[in-house]
Amino acid sequence: MNATKSRSKTPLFAVLLVAVVFSNYLAYRLPAIPLPQDTRGMVIGSLVDLSIVAPLLILAMTRKKGFTLKRFVTFMVLGLVASRFIIPSTYFAPFAFIPYIAIGGEALFLLAELGLIFLLIKHIPSIFREMKLQQTSGLFAFPALVKQKVSGHPLVSMLAAESLMFYYAFASWKRKPELAENQFTLHQKTSLVAFYIMLIHAIAIETIGFHWWLHEKSVLLAIGLLVLNVYSIVYFLADIQAVRLNPVTVGEDRLYVSLGLGKRMEIPYQAIERIEWGTEAEAVSLKDKEVIDFIARDFEEGKAHCVIHFNVPLTATMLLGMEKPFRKAAIRLDEPITFRRLLEEKMA
């Protein structure tokens, strides 16, 4: 019900945003509206509307992405730049310096983010050295060390995720998947790898054939499509390796579960409220937004062998290092009986 109410408010915020922008535009141009001799107060009011009120309305419309200072400052700068075109230059002249100050502030944010990138590059060698000493797999250890040594900034998390992709795509093929007694695969009894290989072949054939035809129509579109297809192939290659080399691990105090590069989660045993197995697990809807599923999908829709309910929301890491909370995790394994026995022993 709350989600429905939130969606119903979005058009209202959009109407208010349009009203704020157009009312400020028309205030200076309609003959029926007399302007005061000293328009500075009116211009200041317009600047407040465009740099504070309008950004807040935009953030309210896109509240699912969350409120951050960086997003607010970005929209504020855009509002001040837009004010230069909405307010006639005759009245805006005394305040012409304001958009440049705002752009300068945004540039400082950009420089700070570039500084984080250089800091990440600087710490990469020490992160790799320390990662080899970790008991967990690189899929879990590398992002955690990046957050610890550099920052948890979304840009850094995205770069860490991309680094993992290139590592698994190009530098992991000499490694052989070896299962310990506390590790369990998700994909061996499915056609997931064959499905990915089929996708790679389809993309490669489409790239070769369609690229030359599109190149004659638009060079820019052809290059863009080529880059996108190459990236997709690299991602699928990396995802295959990430699935093969990162089985579900039943640790001493938590469960490490992942399905390729697209989703991973650490589940502390103390955060587990209950576990449903068999038919009870199959009855849980995987379309529930509170459920994250670790089910290797191919040509058929698989069903969960177990659904773990949490007593508090746990954060999962998704594509590009994005994080999202969940209340349940649905898992399908190649050896569910052995997995259940070991997990219950650890939790006892």
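These numbers come from a predicted model, not from an experiment. (Residues numbered from 1 in each chain as written. Predicted model: local features only at pLDDT ≥ 70, side-chain atom pairs only at ≥ 80, totals over all residues. Heavy atoms only, no water.)

### Here we look at helix α2 (residues 40–61)
A rise of 1.5 Å per residue sets the reference length of α2, with its 22 residues, at 32 Å; its end C-alpha atoms lie 30 Å apart and thus fit the reference within 8%. At aspartate 49, α2 shows its maximal bend, which comes to roughly 35 degrees. Every buried residue of α2 is accounted for by Val43, Ser46, Leu47, Leu50, Ser51, Ala54, Pro55, Leu57, Leu59 and Ala60. (Helix = DSSP H or I, 4+ residues; strand = E, 2+ residues; numbered from the N terminus. Expected span 1.5 Å × (residues − 1). Bend = angle between axes of the 7 residues up to and from the residue. Buried < 20%, exposed > 50% of the residue type's maximum accessible area, 1.4 Å probe, protein only.)

### Some remarks on the layout of surface pockets
Rolled over the atoms, a probe as big as a water molecule pinpoints where empty space is left. Taken as a whole, the largest pocket encloses approximately 780 Å³ of empty space. Lining the largest pocket are 33 residues, with Gln134, Gln135, Thr136, Ser137 and Gly138 sitting closest to its centre. Mapped by element, the contributors of at least two residues to the lining of the largest pocket are α5 (97–131), α6 (138–149), α7 (154–170), α9 (219–245) and β2 (248–250). No other element matches the four residues that α7 contributes to the lining of the largest pocket. Residue composition of the lining of the largest pocket, by class: 14 nonpolar, 11 polar and eight charged. Of the volumes computed, that of the second largest pocket is approximately 450 Å³. (1 Å grid on protein atoms, 1.4 Å probe; cavity = no way out; pocket = protein on both sides within 12 Å on 5 of 7 lines; lining within 4 Å. Points joined across faces, edges and corners; volume = space filled by probe spheres on them. Nonpolar A, V, L, I, M, F, W, Y, C, P; charged D, E, K, R; others polar.)

### As for the packing of α7 against α9
Two numbers describe how α7 lies on α9: the axes approach to 7 Å, and their chain directions differ by 80 degrees. In this view, α7 runs roughly perpendicular relative to α9, as classed from their interaxial angle. Contact with α7, carried on its side by Glu162, Met165, Phe166, Tyr168, Ala169 and Phe170, involves Tyr231, Val234, Tyr235, Leu237, Ala238, Gln241, Ala242 and Leu245 of α9 and no other residues of that element. Grouping the constituent residues of the contact of α7 with α9 by class yields 12 nonpolar, one polar and one charged. (Axes fitted to C-alpha atoms, helices over the stretch in contact; angles between N-to-C directions. Parallel < 35°, antiparallel > 145°, perpendicular 65-115°, else oblique. Contact = heavy atoms within 4.5 Å.)

### Section: the nonpolar core
Among the nonpolar cores identified, the biggest contains 61 residues, and Leu255, Met265, Ile267, Phe294, Ile308, Ile331 and Phe339 are the most heavily contacted of them. Looking at which element gives the most residues to this core, the answer is α9, with nine residues. Excluding its chain neighbours within four sequence positions, the residues that come into contact with isoleucine 308 are Leu255, Ile267, Ile272, Arg274, Ile275, Arg327, Lys328, Ala329 and Ile331. Residues Leu47, Val73, Phe92 and Phe95 belong to the second largest nonpolar core, which totals 11 residues. (Core = buried A, V, L, I, M, F, W, Y, C linked by side-chain atoms within 4.5 Å.)

### So, the pattern of salt bridges
Within the structure shown, the criterion is met by 12 salt bridges. The shortest N-O distance in the salt bridge between glutamate 130 and lysine 149 comes to 3.2 Å. Placement of glutamate 130 in helix α5 and of lysine 149 in helix α6 is noted, with a sequence separation of 19 residues between them. Classification of lysine 149 by relative accessible area gives partly exposed; the value is 27%. Salt bridges sharing common partners tie together Asp253, Arg254 and Glu266. (Salt bridge = Lys/Arg side-chain N within 4 Å of Asp/Glu carboxyl O.)

### Section: empty space enclosed by the protein
In this structure the tally under the stated criterion is one cavity of 30 Å³ or more. Roughly 50 Å³ of volume is contained in the largest cavity. Together, Phe184, Thr185, Leu186, His187, Val243, Asn246, Pro247, Val248, Ser258, Leu259 and Gly260 line the largest cavity. Among the residues forming the lining of the largest cavity, the class breakdown is six nonpolar, five polar and no charged.

### Section: the packing of helix α8 (residues 192–217) against α9
Their axes nearest at 9 Å, the elements α8 and α9 cross at an angle of 170 degrees. Overall, the two elements α8 and α9 adopt an arrangement that is roughly antiparallel. Residues of the contact of α8 with α9, tallied by class, amount to 21 nonpolar, five polar and three charged.

### Some details on helix α11 (residues 336–347)
The terminal C-alpha atoms of α11, which comprises 12 residues, lie 16 Å apart, in line with the 16 Å expected from a rise of 1.5 Å per residue. Three or more residues of α11 are buried, namely Phe339, Leu342 and Leu343. Projected down its long axis, α11 carries its buried residues within an arc of 100 degrees, all on one side. In this structure, α11 carries Ile337 and Glu345 as exposed residues pointing more than 90 degrees from its buried face. In this structure, the buried residues of α11 make contact with β1 (183–184), β2, β3 (254–258), β5 (272–277) and β7 (306–317). (Arc of directions from axis to C-beta.)

### Quick look at the pairing of β3
Among the five residues of β3, four are classified as buried, and the element is accordingly described as predominantly covered. The sheet contact formed by β2 and β3 spans two bridges and is antiparallel. By the bridge assignment, threonine 249 is partnered in β3 with tyrosine 256. Counting the residues that bridge the hairpin from β2 to β3 gives three residues. Between the antiparallel neighbours β3 and strand β4 (residues 264–268) lie five residues, among them glycine 260 with a positive phi of about 70 degrees. (Pairing = 2+ DSSP bridges.)

### Regarding unusual backbone geometry
Despite not being glycine, leucine 320 has its phi angle at roughly 60 degrees, a positive value. Relative to the helices and strands, leucine 320 is located in the loop between β7 and β8 (323–331).

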